[in-house]
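# Descriptive analysis of the structure
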Amino acid sequence: MKPRALAVALALGAIGFGEATPAEEPVDLKAIHRIKDEAFRNGKVMDHLFYLTDVNGPRLTGSPGWRAAADWAAASLKGWGVTGVRLETWGRFGRGWSLERFSAHLLAPSYAPLHGVPKAWSSGTGGPIAGDVVFAPVFGEKQTGEIWDLEALAQGIKDYASRQQGKLRGKIVMIEPPRPVEPATKPELERYDGAQLEDLARGPEPEPAPPLEWPLKSLPADREEREKVTAVLPLEITADFFIGRRKVLDRLSAFLRDEGVLAALTADRRGSGGTVFAEGVRSGDPEAPQSPPVVVLAPESYARLARLLEKKVAVRVGLDVAVKFYDDTPDAQNLLAEIPGGKKKDEVVMLGAHLDSWHGGTGATDNAAGCAVVLEAMRILKALDLKMDRTVRLALWSGEEQGLLGSRGYVREHFADPLAMAVKPEHGRLCAYFNLDNGTGRIRGIYLQGNDMVRPIFEAWLAPFKDFGATTLTLADTGGTDHKSFDAVGLPGFQFIQDPVDYMTRTHHSDLDVYDHAVPADLMQASAIMASFVYHAATRPEMLPRKPLPAPLPKRKG
């Protein structure tokens, strides 16, 4: 059965009134019926995804792709009758960047195309070049993972510069050891089963809060452990750490540039092979040192070069990297739009997703999928002409991939200073913010961000979607996306639990992050749930309950 037919068939079984919801939290089942019907029978979410990806992707902050996608979204919102559509500047981002052309080839000892993607904000080659390849890993041949201790990182770069000074001019330099490609031991596509959802619902084990060390000096090297730590640390402290780490890595860019290397090659370090996960060498900071061309190669391509050099076989590679920098618009914007409310129009319910992406693919699952869903939710609410007491405001953020910059700037401007925790008048008028940014997977529940007061409310709102697998609530925090900007200043900000599908194994920041890896039925389901949550938040007699306002952050040392 085709995905759309499947979604409609599921809707026919689940569109009814289902189980009774808790008496203390009324649910408008008639409105939910209409929302489901519009989302499944007349859904446009995949049309939105097409324009955000195939037509206007990728969408790096500060690039023409981001602006084209924002212009398309703005025109679509206006066409649906949504008002207050505007670009709002959140602050200075810096230089924009786009990839215009790329090819890579092994020229000797034999010819082969090389599978890779240049890192964003690295330089172009100024036309086709060819050069001899040397193997000179920055942190030695044994260091196959990233270093997250800032002192060790800085010392490693300093030692490398001392060892390699004067040896790399005119060379194409392999700056990391190869990664072995291990046989896959589990499926790359995953749906949460009952046991996994039960485990999520248990929430975190009680433990003392980590000490507030600012600035941070290190984070765990293991990705999952690092995400657990950053999910509970204050957002401004973790953001400051990532800025500091980037500045340390800038020293490597400066050294390679000053040494006159033709280009640097790095190894892809995620997934099971055949895929390239490429991000950037820096943000758009115009003061950062300009990097030479840096190309991430698929692990198989990179390992072949390393094996040849290990056996003392001369290797020659050809590269053609054309990029463009944009210095004319250093300020960055978010896209905002509204459906005005009724008797409580000064109170606001927000929904959002980040519009910016990386550049290896077209940014489909990260995060055109989330943008398509929140746009579709707005379309549904407007098309059904549902009457809502509170104003509904959509936000499509920029700068998320560089540290939630767009949403943090918006929250700082409208709601509160996250350092002093000094709130502004709008802080008291935001009912909730709902975010979607974990790939194409269908919604399975919602993270409560430690706010047990909303549990019975969200249980009631999820009940009509039980047949679609959306049942789980967890007290656990989840990080890494824009709801954290709201949660950091005591506002009710929430991210939905989503099926992983192949997000972390194949598509997240990779060259496979394209339209073809989106699941239509999942995005239609997510659109219906998003629209329903927003509708109920906008019509609920009371605002959603809040956690206490966080304490001001301690002063940064140094």
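Here is what the cut-offs are and how they apply
- Residues numbered from 1 in each chain as written.
- Predicted model: local features only at pLDDT ≥ 70, side-chain atom pairs only at ≥ 80, totals over all residues.
- Heavy atoms only, no water.
- Helix = DSSP H or I, 4+ residues; strand = E, 2+ residues; numbered from the N terminus.
- Pairing = 2+ DSSP bridges.
- Core = buried A, V, L, I, M, F, W, Y, C linked by side-chain atoms within 4.5 Å.
- Buried < 20%, exposed > 50% of the residue type's maximum accessible area, 1.4 Å probe, protein only.
- Contact = heavy atoms within 4.5 Å.
- Right-handed = clockwise from strand over helix to strand, strands pointing away.
- Salt bridge = Lys/Arg side-chain N within 4 Å of Asp/Glu carboxyl O.
- Phe/Tyr/Trp six-rings, centres within 6.5 Å; stacked < 30°, edge-to-face > 60°.
- Lys NZ or Arg CZ within 6 Å of the ring centre and 35° of its normal.
- Axes fitted to C-alpha atoms, helices over the stretch in contact; angles between N-to-C directions.
- Parallel < 35°, antiparallel > 145°, perpendicular 65-115°, else oblique.
- Nonpolar A, V, L, I, M, F, W, Y, C, P; charged D, E, K, R; others polar.
- Patch = residues over 30% accessible without salt bridge, like charges linked within 9 Å, V, L, I, M, F, W, Y side chains within 5 Å.
- Areas by Shrake-Rupley, 256 points an atom, 1.4 Å probe, with all protein chains shown as cover.
- Arc of directions from axis to C-beta.
- Polar contact = N/O pair within 3.5 Å; in protein donor to acceptor, adjacent residues only side chain to side chain.
- pLDDT = per-residue confidence, 0-100.

A few words now on the environment of Glu 151. Of note, Glu 151 is situated in helix H5 (residues 150-164). Note: C-alpha distance between Glu 151 and Lys 217 (66 residues apart in sequence) is 7.3 Å.

What follows deals with the sheet that holds strand E7 (residues 263-267). With respect to topology, 8 strands assemble into an open sheet ordered E3-E2-E9-E5-E6-E7-E8-E4, the strand pairing being mixed. Two strands close off the open sheet at either side, each with one partner strand: strand E3 (112-113) and strand E4 (116-118). Of the strand pairs in this sheet, strand E2 (residues 96-108) and E3 are connected by 2 bridges, and their pairing is antiparallel. Residue pairing across strands places Leu 106 opposite Ala 112, the latter belonging to E3.

Once that is clear, we can look at the nonpolar core. Formed by 76 residues in total, the largest nonpolar core has its most connected members in Phe 434, Phe 458, Trp 461 and Met 530. Sequence-distant contacts of Phe 458, defined by excluding residues within four places in its chain, comprise Phe 434, Ile 446, Leu 448, Leu 473, Phe 494, Phe 533 and Leu 544. Among the nonpolar cores identified, the runner-up in size contains 50 residues, and Val 133, Ile 147, Val 173 and Leu 309 belong to it.

On to the pairing of strand E12 (residues 390-397), then. With 8 of 8 residues buried, E12 lies mostly within the body of the structure. As judged from the 5 bridges shared by strand E10 (residues 331-339) and E12, these two strands associate in the antiparallel manner. Looking at E12, one finds that Leu 336 is bridged to Ala 395. Of the crossover connections in this fold, the one passing from strand E11 (residues 344-354) over helix H10 (residues 364-383) to the parallel E12 is right-handed.

With the rule as written, the count across this model stands at 31 salt bridges. Among the ionic pairs, Asp 37 bridges to Arg 41, the shortest N-O distance being 2.8 Å. Residue Asp 37 and its partner Arg 41 are located together in helix H2 (residues 29-41), separated by 4 residues, close to a single helical turn. Here Arg 379 and Glu 38 are joined by a salt bridge, their closest N and O atoms 2.7 Å apart.

One pass over the full model with this rule turns up 25 aromatic pairs. Plain terms: the ring middles of Trp 97 and Trp 121 are 6.4 Å apart, the flat faces sit at 35 degrees to each other, and that makes the pair tilted. Remark: Trp 121 occurs in the loop between E4 and strand E5 (129-135) and Trp 97 occurs in strand E2; sequence separation between them is 24 residues. Neither Trp 97 nor Trp 121 differs from the other in exposure class; each is buried. For the pair Phe 241 and Phe 242, a centre-to-centre distance of 5.8 Å together with 85 degrees between the ring planes defines the contact as edge-to-face. Under the relative-accessibility criterion, Phe 241 is labelled buried at 1%. An aromatic cluster is defined as three or more aromatic residues linked by ring pairs; in this entry it consists of Phe 434, Phe 458, Trp 461, Phe 494, Phe 496 and Phe 533. If you follow Lys 36 out to its NZ or CZ, it ends over the ring of Phe 465, 5.0 Å from the centre. Over the aromatic face of Phe 325 sits the side chain of Arg 95, whose NZ or CZ is 4.1 Å from the ring centroid.

Before going further, it helps to spend a moment on the packing of helix H3 (residues 45-55) against helix H15 (residues 520-539). In the contact formed by H3 and H15, the axes pass within 9 Å of each other and the chain directions differ by 110 degrees. Compared by their axis directions, H3 and H15 come out roughly perpendicular. In contact with Val 45, Met 46 and Leu 49 of H3, H15 contributes Pro 520, Leu 523, Met 524 and Ser 527. Partitioned by chemical class, the residues of the contact of H3 with H15 number 6 nonpolar, 1 polar and no charged.

Side chains of Phe 50, Tyr 51 and Val 55 sit close together on the surface and give an oily, nonpolar patch of about 250 Å² of accessible area. As for its position among the elements, Val 55 is in helix H3. For Val 55, a relative accessible area of 45% corresponds to the partly exposed category.

Think of an α-helix as turning once every 3.6 residues; residues three or four places apart then point the same way. Here helix H7 (residues 223-232) has its buried residues at Arg 226, Thr 230 and Ala 231. Projected onto a plane normal to the axis of H7, the buried residues spread over an arc of 135 degrees and lie on a single side. Looking at H7, the residues exposed on the side facing more than 90 degrees away from the buried face are Glu 224 and Lys 228. Against the buried residues of H7 lie helix H8 (235-259) and helix H13 (483-487). The N-cap residue of H7 is Asp 222: its side-chain oxygen and the backbone nitrogen of Glu 224 are 3.2 Å apart.

Turning next to the pairing of E2. Where E2 meets strand E9 (residues 316-326), 11 bridges bridge the pair, whose relative direction is antiparallel. Its bridge partner being in E9, Leu 106 is matched across the sheet by Val 317. Taking the residues between adjacent antiparallel strands as the criterion, E2 and E3 are bridged by 3 residues.

Here we have 8 strands laid out as an open sheet, ordered E1-E10-E12-E11-E15-E18-E16-E17, and mixed in their pairing. What marks the edges here is a single partner per strand, and that holds for strand E1 (83-92) and strand E17 (472-474). The sheet shows a mean angle of 25 degrees between the axes of neighbouring strands, direction not considered. Across 7 bridges, the pairing between E1 and E10 is antiparallel. For Glu 88, the partnering residue across the bridge sits in E10 and is Asn 334. Contacts from H15 reach E11, E12, strand E15 (430-435), strand E16 (443-447) and strand E18 (493-498) within the one sheet, and its direction differs from that of E15 by about 175 degrees.

Taken over all residues, the pLDDT of the protein chain has a mean of 93, while the share at 70 or more is 96%. Predicted confidence for residues 1-22 stays below pLDDT 50, and this span has 36 contacts to residues more than four positions away or in other chains.

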